[in-house]
Amino acid sequence: MKFDRQNIRYRTWVYFTALTLGVLVVLWIFQIVLLGSSFKDMKVNQVKIVADRIETGIKTNVFGRAIQVSAVQNNVCGLVYNSRGKLLYQVDALGLGCILNEEAINFAQSVSDYTQSLKDSPNGEFSITVKNSVIQQDMIIYGRKIIAPFGNYFVFLNAPLTPLDSTINILKEQFIYVTIAVFVLFSLLSLIISGRIAKPIVNMKKSALRLSEGDYDVVFDTGRGEFSEITDLANTLNHTTVELKKMDDLRKDLIANVSHDIKTPLTMIKAYAEMIRDISGENKAKREKHLNVILDEADHLDHLAQDMTQLSQLQANVLTLSNEPFDIVDLIQQSLRLLEGLIDAQEIEVELLTPSEVLVKGDPLKIKQVLINFIGNAIKYVGSDKKLILQVLTHKDRVRVEVIDHGPGISEEDLPYIWDRYYKIDKHRHRNVGGTGLGLSIASAILKNHHAPYGVESTLKAGSTFWFELPYAVKPENAL
Ligand code: ADP
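From a predicted model like this one, the values you see are computed outputs, not experimental measurements.

K.L.:
Even after reading the chapter, I still don't get unusual backbone geometry, so can you show me in this structure?
P.N.:
If a residue is not glycine, its phi is most likely negative; likewise, a peptide bond is most likely trans. With phi around 60°, Asn75 is a residue other than glycine that occupies positive phi space. With respect to the element layout, Asn75 can be found in the loop between helix H2 (65–73) and strand E1 (77–82). On the basis of relative accessibility, which here comes to 33%, the residue Asn75 falls in the partly exposed class. The phi dihedral of Lys461 falls on the positive side, at around 70°, and the residue is not glycine. Among the structural elements, Lys461 can be located in the loop between strand E11 (454–459) and strand E12 (463–470).

Structure below.
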């Protein structure tokens with residue numbers, strides 16, 4: 001298998017390694033490279049403390065114990081000359097290691113060189129590093145010119161630079177161990193961290209693959225809930241899976257229902273056409289009857305096709321609804337007139353509880369369709385009292401329309417689904433009662449497009465109230 005350089009584990013390891021290297025380089029610079037010079041600065045500062053004491057001594061003419069103590073504390077030896085080159089004062093905490101003693105005694109020339117350097121120095125001081133050949137060690141020589149009321153003085157101090165090489169070597173060696181330890185530790189850490197991030201993602205990938213193969217039972221791993229983005233992603237994918245499953249079920253249902261709904265009228269059309277051909281062709285009355293069945297079934301197919309087109313358009317939001325003022329009471333009356341035939345045929349009594357006029361806003365043609373569906377269903381499922389109630393309630397900020405029947409009602413389990421397309425509570429009753437099984441889903445899509453609240457309240461064996469609400473176009477003065 002080809003090694004994937006982009007995978008999380010490898011990448012995290014690379015970043016961690018880069019980070020480790022960066023930290024180690026910075027440490028190296030500070031610990032090893034800058035150690036020598038900062039150590040020397042530190043030493044010079046120590047020597048300067050002794051020089052300060054001596055300067056105070058000269059200025060106050062008191063060369064007390066304090067100077068000696070400070071020289072011992074800071075490991076310094078030194079000489080003080082006056083401007084005529086006379087040695088005035090001497091401190092020694094180094095003994096044989098004091099380069100100045102040696103030089104002052106044996107190499108007087110050097111002292112005069114140092115004095116000259118001081119005279120030339122713009123800030124009246126200098127510091128140099130020289131090798132003490134006696135003790136084989138690097139040493140600092142520090143000089144300061146002191147201007148006092150009684151004349152000028154030259155102070156030379158000498159301090160050893162503790163051999164740093166060995167310290168640096170120890171540090172270097174330690175540094176190698178630290179580097180190895182840090183590398184191992186960071187590599188382990190990067191593996192653990194990247195593993196924790198990568199694992200749920202890898203699992204998700206596996207689940208996604210199963211999903212793409214049509215397995216809707218997959219569950220996306222949310223990991224240990226450590227990383228909220230991963231948990232969110234997994235939750236979103238789980239939600240998507242549920243929705244996909246619903247869609248897939250719906251698609252299967254739809255195909256099954258559509259083919260069933262098309263097949264039934266087609267079978268009838270075929271059967272009756274054969275009957276006309278073989279039996280009733282010569283008999284005018286029978287032929288008429290059979291032809292009417294064919295026409296009815298063809299009509300049913302036509303309705304089905306229209307409803308399906310409309311529903312898909314509504315659900316795809318390709319229809320633009322008008323938003324105009326219209327009288328909802330008038331629209332109810334128009335719908336009732338359209339259904340008059342059915343109402344009269346079943347001798348249904350319709351009770352209208354409405355004000356004389358209520359102006360609402362919406363698309364009147366589409367709302368009429370909703371009314372026809374609600375009233376049509378109420379007629380289909382009318383109770384034994386043969387009574388329908390149509391009510392318009394004028395609330396404070398909206399108008400509520402209710403279509404009430406005292407029919408069989410809808411059970412609580414069925415209630416949430418009746419707005420789904422093709423949902424039929426009693427699948428066998430459907431064709432006897434008529435309808436394409438799309439009526440409520442079309443009504444629901446229309447009301448959703450209006451952003452209008454809608455719903456149903458129903459009790460088994462007591463009846464149903466289908467309702468929706470629309471905003472006022474003009475609010476009547478007596479609105480509640
Ligand atoms: P259909 O063409 O089957 O009437 P609808 O979408 O209009 O399709 O209704 C869906 C289902 O809701 C119906 O099959 C019926 O079971 C139930 N239903 C609708 N209206 C009523 C009602 N007023 N009383 C009882 N059941 C109803």
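K.L.:
Just checking my understanding: could you explain the sheet that holds strand E3 (residues 125–132) for this structure?
P.N.:
Each strand in a sheet pairs with another by means of backbone hydrogen bonds, the pair being arranged parallel or else antiparallel. Pairing is antiparallel in the open sheet, where 5 strands are placed in the order E2-E1-E5-E4-E3. Edge strands, defined here as strands with exactly one partner in the open sheet, are strand E2 (87–92) and E3. Between one strand axis and the next, the sheet turns by 15° as a mean value, whatever way the strands run. Where E3 meets strand E4 (residues 137–148), 8 bridges bridge the pair, whose relative direction is antiparallel. Residue pairing for E4: Glu125 is matched across the bridge by Arg144.

K.L.:
What is the right way to look at the state of the cysteines in this model?
P.N.:
In a disulfide, the sulfur atoms of two cysteines are held together by a covalent bond. Enumeration over the complete set of coordinates arrives at 1 disulfide. What pairs with Cys77 in a disulfide is Cys98, and their sulfur atoms sit 1.8 Å apart. One quick way to see it: the torsion about the S-S bond of Cys77 and Cys98 is about 75°, and its sign makes the bridge right-handed. Of this pair, Cys77 sits in strand E1 while Cys98 sits in the loop between E2 and helix H3 (99–106), placing them 21 residues apart in sequence.

K.L.:
I'm lost on the packing of aromatic side chains in this one. Help?
P.N.:
One pair of aromatic rings is described through two measures. These are the centre distance and the angle between the planes. Evaluated as defined, the whole model comprises 9 aromatic pairs. Between Phe126 and Phe156, the aromatic rings sit 6.4 Å apart at their centres with planes inclined by 50°, giving tilted as the arrangement. With a gap of 30 residues between them, Phe126 in strand E3 and Phe156 in strand E5 (residues 151–160) connect regions that are remote in the sequence. Of the residues examined, Phe126 reaches a relative accessible area of 12% and is grouped as buried. One aromatic cluster is present, formed by Phe374, Trp419, Tyr454, Phe466 and Phe468 through successive ring pairs.

K.L.:
Whenever I open this one, the packing of helix H7 (residues 284–315) against helix H12 (residues 439–449) confuses me. Can you help?
P.N.:
Running from N to C, H7 and H12 cross one another at 30°; their axes reach a closest spacing of 9 Å. Considered as vectors, H7 and H12 are oriented roughly parallel to each other. In the packing of H7 onto H12, the handedness of the crossing is left-handed. In this structure, H7 uses Asp307, Gln310, Leu311, Leu314 and Gln315 to contact H12, whose residues at the interface are Ser441, Ile442, Ala445, Ile446 and Asn449. Residue classes in the contact of H7 with H12 are distributed as 5 nonpolar, 4 polar and 1 charged.

Thresholds applied
- Residues numbered from 1 in each chain as written.
- Predicted model: local features only at pLDDT ≥ 70, side-chain atom pairs only at ≥ 80, totals over all residues.
- Heavy atoms only, no water.
- Helix = DSSP H or I, 4+ residues; strand = E, 2+ residues; numbered from the N terminus.
- Buried < 20%, exposed > 50% of the residue type's maximum accessible area, 1.4 Å probe, protein only.
- Pairing = 2+ DSSP bridges.
- Axes fitted to C-alpha atoms, helices over the stretch in contact; angles between N-to-C directions.
- Disulfide = S-S within 2.5 Å.
- Phe/Tyr/Trp six-rings, centres within 6.5 Å; stacked < 30°, edge-to-face > 60°.
- Parallel < 35°, antiparallel > 145°, perpendicular 65-115°, else oblique.
- Left-handed = near helix turned anticlockwise from the far one by under 90°.
- Contact = heavy atoms within 4.5 Å.
- Nonpolar A, V, L, I, M, F, W, Y, C, P; charged D, E, K, R; others polar.

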